[in-house]
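If you want the building blocks of each chain, they are given just below.
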Amino acid sequence: MSIGTMTAGRLPKLRGVEDVHVEFRSDVEETGASLWDQVNELLRTSLHRSGFPQPTPEPLQERYEEVERPSLIIVAPGIALQATEYEDRYGGIDLTYYREHMSPELFRAFVRRIGSIKGRPDLDVGEFVDTPQT
Amino acid sequence: MASLWTLLRPRMQHVDWVQGLAIAEPVYLDANILVGSLISNHPLYSKCANLLGRLLADKVEIMLSVVCVDESIWALAKLAYCEMHNYIPSKTLWNPSIYRRHRDAILQSYESWISSVGKAVEDWTTAGAKIDVVPETRQLFQDVLALIPVYMKEVKLTPGDAVHLAIAGKHARSFLTADSDFDEVRQNPPQGDLVVIKVTA
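Residues numbered from 1 in each chain as written. Chains lettered and ligands numbered in written order. Predicted model: local features only at pLDDT ≥ 70, side-chain atom pairs only at ≥ 80, totals over all residues.

S.K.: What is the right way to read the overall build of chain B from this model?
M.R.: Broken down by element type, chain B carries nine helices and seven strands. Here the C-alpha atoms of chain B give a radius of gyration of 18 Å, agreeing with the 17 Å that 2.2 N^0.38 yields for 201 residues. Taken along its principal axes, the extent of the C-alpha atoms in chain B is 60 × 35 × 35 Å. Taking all 201 residues of chain B together, 42% fall into the buried category. In chain B, 70% of the contacts between residues at least 6 apart in sequence involve partners at least 24 apart. (Helix = DSSP H or I, 4+ residues; strand = E, 2+ residues; numbered from the N terminus. Rg over C-alpha atoms; globule rule 2.2 N^0.38 Å. Buried ≥ 20, exposed ≤ 12 C-beta atoms within 10 Å, placed from the backbone. Contact = placed C-beta atoms within 7 Å.)

Right, here's the structure in full:
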């Protein structure tokens, strides 16, 4: 076998083994490229021809939809949030006013910190924030 | 018998915050306004964050105290404790003994919450915000100490709240709070020109 050329000869039938399912997956973050699926398909076909039936793979489109990232909203340089977090933190905040009336540095510092801790609708800060009694 | 001068001296005011209300500076922030702008999703979040945003955008002189920081961090530690155990904050018992038992777990998973107050103040100050820590001088500190028992007695405040009001009264012209305990100022205003501005839902 030469380097750089993928080959697959007939594999010997193993005693007691009826089905072998081989699948290659990337161990790094999914990039959306189909390289690994092409390699997987090549080996699957080869194994199938060698007498090892392979399960039908799920359509590639569905698999990519599962790993597709939701779009991020950029609030300030270096601060990007998903839509749900953006709505929680800035939905009621007049960012346009603050962007126009703060320096870029102050605006960035402001939006970076406000709402950065996820609270809850039943939290009454007027009563909640206090020094606890022993 | 009170002297004429004492009777003529101005009294503190207590008003509810409404959109467009003029806020005289310097402004002393209660812990609930500071923490209320860092925690999202609660009923006062937008008001707290927008108020803070306006103060920062208008370059208003903001004042904090160590008491404010102390209360803020206690609150964030409790919120972390509730988050860890899926407890409802308003129905959860919280005191120093519970904190000590869960301290390591809280700090292991939520240290970023605990440090968020300091980091926020540092970020905003570095970016140009005018934020000071008060009392500023030994004399003002002495004045604050003298007023604490007066406010505990006359305005029926807890020691912590009396410290807030004394510091605000000595250093600021406006005091932003969400704490209903200061409603007593409306009924029984002590002397001073401070305006206590309450943020309500």
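S.K.: Even after reading the chapter, I still don't get the interface of chain B and chain A, so can you show me in this structure?
M.R.: One widely used convention gives an interface's size as the accessible area the parts lose upon coming together. Facing 42 residues of chain B, the contacting portion of chain A comprises 35 residues. Mapped onto the side of chain B that touches chain A, the elements with two or more residues apiece are helix 2 (31-38), strand 3 (39-40), helix 3 (45-57), helix 4 (66-85), helix 5 (96-114) and helix 6 (116-126) of chain B. Counting residues per element, the side of chain B that touches chain A draws most heavily on helix 3 of chain B, which supplies seven residues. Residue classes in the side of chain B that touches chain A are distributed as 22 nonpolar, 16 polar and four charged. (Nonpolar A, V, L, I, M, F, W, Y, C, P; charged D, E, K, R; others polar.)

S.K.: What is the right way to look at the sheet that holds strand 1 (residues 13-16) of chain B in this model?
M.R.: Each strand in a sheet pairs with its neighbour through backbone hydrogen bonds, running either in the same direction (parallel) or in the opposite one (antiparallel). Residue and element names in this part refer to chain B. The six strands are arranged 1-7-6-2-4-5 in an open sheet whose pairing can be described as parallel. Two strands lie at the open edges of the sheet, namely strand 1 and strand 5 (131-133), each paired on one side alone. Each strand axis lies, on average, 30° off the axis of its neighbour in the sheet, ignoring direction. Where strand 2 (residues 27-29) meets strand 4 (residues 62-64), two bridges bridge the pair, whose relative direction is parallel. When the bridges of strand 4 are listed, tyrosine 28 appears paired with methionine 63. (Pairing = 2+ DSSP bridges. Axes fitted to C-alpha atoms, helices over the stretch in contact; angles between N-to-C directions.)

S.K.: Explanation requested: the pairing of strand 7 (residues 195-198) of chain B in the structure shown.
M.R.: A regular strand places its side chains on the two faces of the sheet in alternate fashion. Residues and elements named next belong to chain B. Residues of strand 7 alternate between two faces, with Val195 and Ile197 on one and Val196 and Lys198 on the opposite face, all of them buried. Strand direction decides the pairing type here: strand 1 and strand 7, joined by four bridges, are parallel. Counterpart to valine 15 in the pairing with strand 7 is isoleucine 197. Alignment of strand 6 (residues 174-177) against strand 7, held across four bridges, turns out to be parallel. Looking at the pairing, leucine 176 lines up with isoleucine 197 of strand 7.

S.K.: Even after reading the chapter, I still don't get the nonpolar core, so can you show me in this structure?
M.R.: The nonpolar side chains of a soluble globular protein tend to be buried with one another. Counting 76 residues, the largest nonpolar core has Phe110 of chain A together with Leu29, Val35 and Leu56 of chain B as the members making the most contacts within it. Looking at this core element by element, the count peaks at nine residues for helix 4 of chain B. (Core = buried A, V, L, I, M, F, W, Y, C linked by C-beta atoms within 7 Å.)

S.K.: Looking at this model, I keep getting lost on the environment of isoleucine 114 of chain A. Mind explaining?
M.R.: The topology assignment puts isoleucine 114 of chain A in the loop between helix 5 (104-113) and strand 3 (117-118). What makes isoleucine 114 of chain A buried here is the crowd of 25 C-beta atoms within 10 Å. Placed 41 residues apart in sequence, isoleucine 114 of chain A and isoleucine 73 of chain A show a C-alpha to C-alpha distance of 16 Å. Once residues within four sequence positions are removed from consideration, isoleucine 114 of chain A is found in contact with Arg89 and Ile93 of chain A together with Ser37, Leu38 and Ala49 of chain B.

S.K.: So what exactly am I meant to see when it comes to the confidence of the model for chain B here?
M.R.: Detail in the predicted coordinates should be disregarded across regions flagged by low pLDDT. Averaged over chain B, the pLDDT score is 94; the fraction of residues at 70 or greater is 97%. For this predicted complex, the interface score ipTM comes out at 0.92, alongside a pTM of 0.77. (pLDDT = per-residue confidence, 0-100.)

S.K.: For this particular structure, what's the right way to read the packing of helix 5 of chain A against helix 6 of chain B?
M.R.: Two numbers describe a pair of packed helices, the interaxial angle and the distance between the axes. Their axes nearest at 8 Å, the elements helix 5 of chain A and helix 6 of chain B cross at an angle of 165°. The angle between helix 5 of chain A and helix 6 of chain B falls in the class roughly antiparallel. Remark: the crossing between helix 5 of chain A and helix 6 of chain B carries left-handed chirality. On the side of helix 5 of chain A, the interface is formed by Leu106, Ala109, Phe110, Arg112 and Arg113 of chain A, while helix 6 of chain B contributes Ala120, Asp123 and Trp124 of chain B. Here the contact of helix 5 of chain A with helix 6 of chain B is composed, by residue class, of five nonpolar, no polar and three charged. (Parallel < 35°, antiparallel > 145°, perpendicular 65-115°, else oblique. Left-handed = near helix turned anticlockwise from the far one by under 90°.)

S.K.: So what exactly am I meant to see when it comes to the packing of helix 2 of chain B against helix 3 of chain B here?
M.R.: All names here are of chain B. At a closest axis distance of 8 Å, the pairing of helix 2 and helix 3 adopts a crossing angle of 105°. Between helix 2 and helix 3, the angle is such that the two are roughly perpendicular. Here helix 2 contributes Ile33, Gly36 and Ser37 to the contact with helix 3, which in turn contributes Tyr45, Cys48, Ala49, Leu51 and Leu52. Within the contact of helix 2 with helix 3, the residues separate by chemical class into six nonpolar, two polar and no charged.

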